[in-house]
Amino acid sequence: MTGSPATVRRGAGPAAVLLAAAAAWAWVVTRWGGMQAMPGTMGLDLPAFLAVWTLMTAAMMLPATAPVAALYARTITAHRASRMAVFTAAYLLVWAAAGLPAYGLAAGLGGAADLPAAAGTAVAAAVFAIGGAYQLVPFKDRCLARCRSPVGLMLRYASYPGPSRDLRAGAHHGAFCLGCCWSLMVLLAAFGVMNLWAMVGLTAVITAEKLAPAGRLVARAVGTASIALAVAVFWVPALAAGLTGGGTGGM
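About the thresholds
- Residues numbered from 1 in each chain as written.
- Predicted model: local features only at pLDDT ≥ 70, side-chain atom pairs only at ≥ 80, totals over all residues.
- Heavy atoms only, no water.
- Salt bridge = Lys/Arg side-chain N within 4 Å of Asp/Glu carboxyl O.
- Helix = DSSP H or I, 4+ residues; strand = E, 2+ residues; numbered from the N terminus.
- Buried < 20%, exposed > 50% of the residue type's maximum accessible area, 1.4 Å probe, protein only.
- Axes fitted to C-alpha atoms, helices over the stretch in contact; angles between N-to-C directions.
- Parallel < 35°, antiparallel > 145°, perpendicular 65-115°, else oblique.
- Left-handed = near helix turned anticlockwise from the far one by under 90°.
- Contact = heavy atoms within 4.5 Å.
- Nonpolar A, V, L, I, M, F, W, Y, C, P; charged D, E, K, R; others polar.
- 1 Å grid on protein atoms, 1.4 Å probe; cavity = no way out; pocket = protein on both sides within 12 Å on 5 of 7 lines; lining within 4 Å.
- Points joined across faces, edges and corners; volume = space filled by probe spheres on them.
- Lys, Arg positive; Asp, Glu negative; His and termini not counted.
- Polar contact = N/O pair within 3.5 Å; in protein donor to acceptor, adjacent residues only side chain to side chain.
- Expected span 1.5 Å × (residues − 1).
- Phe/Tyr/Trp six-rings, centres within 6.5 Å; stacked < 30°, edge-to-face > 60°.
- Lys NZ or Arg CZ within 6 Å of the ring centre and 35° of its normal.
- Patch = residues over 30% accessible without salt bridge, like charges linked within 9 Å, V, L, I, M, F, W, Y side chains within 5 Å.
- Areas by Shrake-Rupley, 256 points an atom, 1.4 Å probe, with all protein chains shown as cover.

S.K.: Please give an account of the pattern of salt bridges that cites residues and values.
M.R.: On inspection of all chains with the given rule, the structure shows 4 salt bridges. The salt bridge partner of Arg 83 is Asp 166, with a shortest N-O separation of 2.7 Å. With Arg 83 in helix H3 (residues 80–109) and Asp 166 in helix H7 (residues 165–191), this residue pair connects regions lying 83 residues apart in the sequence. Accessibility expressed as a relative area gives 22% for Arg 83, which makes it partly exposed. Exposure remark for Asp 166: the relative accessible area of 5% places this residue in the buried category. Close ionic contact of Asp 141 with Arg 216 constitutes a salt bridge, the shortest N to O distance being 3.3 Å. In this pair, Asp 141 sits in helix H5 (residues 138–148) while Arg 216 sits in helix H9 (residues 215–232), placing the two residues 75 residues apart along the sequence. Given a relative accessible area of 15%, Asp 141 falls into the buried group. The class for Arg 216 is partly exposed, based on a relative accessible area of 48%.

In structure tokens, the structure reads:
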């Protein structure tokens, strides 16, 4: 009589995270799937951009976060569904806050497509180089190690007192994910902020970095490839359609 409901509750946390990710992907595909890569802020004001950004990051980040959510859910003995909702909301609030500098960056880079071809290509090369270089630095490795081996995080979160525990845990984990993945999100400025194929590819990279046995090697390979793109874009500007205005924004 008591075993079956407990099993359902154990799965409620990660299932809700994956459901949120699926809903975000459904919205992205329905709203933006048929559009070309758009430069800059896509003509959106700040509130609209933050809403789109948050849904986009939910689609891209939550699949890789589900295992951590599952582990955290196992530490909750009561009101699991509501508490996991707070954990997930706090996680997304970190990414929503990251949308503020992302909006400023997108607004600044949005004019690159109107620059002379050589200048726009140089901006694209800088974006690729910065994103690729961060993939290779030790701080990226440290953040990735926390996301890949979250047991230590669970011990830390267990020490959080009071009703703010879930809020603090979600925000803390969101900060580590931001430290892992901001360099990949920056690449969307080059490919086009709502470039669906770029989102799918980068989501696969994020998931592989965090969950695959060779995740660290994946991160380094992507960093090396991004630096290579910083050179290649001078010969093929369409690689950075979001900044050079070339092509349809395909990866």
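Let us keep going from here.
S.K.: Please give an account of the packing of helix H4 (residues 117–134) against H9 that cites residues and values.
M.R.: The interhelical angle for the contact between H4 and H9, taken along N-to-C directions, is 160°, at an axis separation of 7 Å. One element, H4, and the other, H9, form an angle in the roughly antiparallel class. Classified by chirality, the crossing of H9 by H4 is left-handed. Taking contact as the criterion, the partners of Ala 125, Phe 128, Ala 129, Gly 131, Gly 132 and Ala 133 in H4 are, on H9, Gly 223, Ser 226, Ile 227, Leu 229 and Ala 230. Its residues assigned to classes, the contact of H4 with H9 comprises 7 nonpolar, 4 polar and no charged.

S.K.: I'd like to hear about the layout of surface pockets, residue by residue, with values.
M.R.: Approximately 230 Å³ is the volume attributed to the largest pocket. Along the walls of the largest pocket sit 16 residues, with Trp 53, Ala 102, Leu 105, Met 185 and Val 186 positioned nearest its centre. When contributions to the lining of the largest pocket are tallied by element, the ones reaching two or more residues are helix H2 (46–73), H3 and H7. By residue number, the principal contributor to the lining of the largest pocket is H3, which donates 7 residues. For the lining of the largest pocket, a count of residues per class yields 16 nonpolar, no polar and no charged.

S.K.: Hey, could you go over the side chain of Arg 165 for me, with residue numbers and the actual values?
M.R.: Of note, Arg 165 is situated in helix H7. The side chain of Arg 165 sits in the buried core without any salt bridge; Asp 166 is the nearest counter-charge, 4.8 Å away. Within polar-contact distance, the side chain of Arg 165 engages the backbone oxygen of Tyr 157 at 3.3 Å. Aside from chain neighbours lying at most four places away, what touches Arg 165 is Tyr 72, Thr 75, Arg 83, Tyr 157, Ala 158 and Tyr 160.

S.K.: Break down helix H8 (residues 196–211) for me, with residues and values.
M.R.: Its 16 residues place the ends of H8 22 Å apart at the C-alpha level, agreeing with the 22 Å of an ideal helix rising 1.5 Å per residue. Every buried residue of H8 is listed here: Leu 196, Ala 198, Met 199, Leu 202, Thr 203, Val 205, Ile 206, Glu 209 and Lys 210. The N-cap residue of H8 is Asn 195: its side-chain oxygen and the backbone nitrogen of Trp 197 are 3.1 Å apart.

S.K.: Summarise the packing of aromatic side chains; cite the residues concerned and give the values.
M.R.: Taken as a whole, this structure holds 7 aromatic pairs when the rule is applied. With centroids separated by 4.7 Å and ring planes inclined at 20°, the aromatic side chains of Tyr 72 and Phe 87 adopt a geometry described as stacked. Here Tyr 72, found in helix H2, pairs with Phe 87, found in helix H3; they are 15 residues apart in sequence, far enough to count as distant. The pair Tyr 72 / Phe 87 is uniform in exposure class, with both members buried. Between Tyr 157 and Tyr 160, the ring centres sit 5.6 Å apart and the planes meet at 40°, which makes this aromatic pair tilted. In this structure, Arg 168 packs its charged tip against the face of Tyr 160, placed 3.9 Å from the ring centre.

S.K.: Just give me the short version of a nonpolar patch on the surface, but keep the residues and values in it.
M.R.: Together, Val 231, Phe 234, Trp 235 and Val 236 make up an exposed nonpolar region whose accessible area comes to about 460 Å². Among the structural elements, Val 231 can be located in helix H9. Classification of Val 231 as partly exposed rests on a relative accessible area of 48%.

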